[in-house]
Amino acid sequence: MPTFQATGVGTTGTAVATQAAVADSQHVVTNIAGHADADCVITIESPADTVLWQSALDISVEGFKFGFSGLRIHGVKGQAIVGKTSAAAADSQVTINGETIVGTFARGESSP
């Protein structure tokens, strides 16, 4: 199964990491990690702006780094998958890792 890694940075706002859409394929995020210099919401979306998973980061309690592993967040067939931080004062970064399923899909979907 092909794997992927996508990274995005933000210097005055949102950091966005996008794994581009692939026809007849479905992306699955297994890890999201990064940092932010302000409290933010971390999301995984597919397609963009459709939230599949989210968590909040409170930097006064948890520090500025975040990491969530062991995930199995399935994107929508034939669509990009996006990891995002909601805000930053001056510095944020997000990386998503996962795999791409070709031809067989979750949630009862099947390839045409």
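This section reports on the structure supplied with the text.

Analysis parameters
- Residues numbered from 1 in each chain as written.
- Predicted model: local features only at pLDDT ≥ 70, side-chain atom pairs only at ≥ 80, totals over all residues.
- Heavy atoms only, no water.
- Helix = DSSP H or I, 4+ residues; strand = E, 2+ residues; numbered from the N terminus.
- Buried < 20%, exposed > 50% of the residue type's maximum accessible area, 1.4 Å probe, protein only.
- Polar contact = N/O pair within 3.5 Å; in protein donor to acceptor, adjacent residues only side chain to side chain.
- Contact = heavy atoms within 4.5 Å.
- Salt bridge = Lys/Arg side-chain N within 4 Å of Asp/Glu carboxyl O.

All right, on to the environment of Lys77 then. Tracing the sequence through the fold places Lys77 in the loop between β6 (65-74) and β7 (81-85). We classify Lys77 as partly exposed; its relative accessible area is 30%.

This part is about the side chain of Gln93. In this structure, Gln93 sits in strand β8 (residues 92-102). The buried category is assigned to Gln93, whose relative accessible area is 17%. Within the structure, Gln93 has its side chain in polar contact with the side chain of Thr95 (distance 2.5 Å). Among all residues touching Gln93, those that are not within four sequence positions of it are Thr7, Gly8, Val9, Ala15, Ala33, Gly34, His35, Phe66 and Thr85.

All right, on to the pattern of salt bridges then. Overall, the coordinates contain three salt bridges when judged by the stated rule. For Lys84, the salt bridge identified is with Glu45, shortest N-O distance 3.1 Å. Of the two residues, Lys84 sits in strand β7 while Glu45 sits in strand β4 (residues 40-45), which places them 39 residues apart along the sequence. Take Lys84 and Glu45: they sit in the same class, and that class is buried. A salt bridge links Lys84 to Asp49; the nearest nitrogen and oxygen atoms lie 3.4 Å apart. In this pair, Lys84 is assigned in strand β7 and Asp49 in the loop between β4 and β5 (51-57), connecting sequence segments 35 residues apart. A relative accessible area of 64% means that Asp49 is categorised as exposed. The structure contains a network of salt bridges with shared partners spanning Glu45, Asp49 and Lys84.

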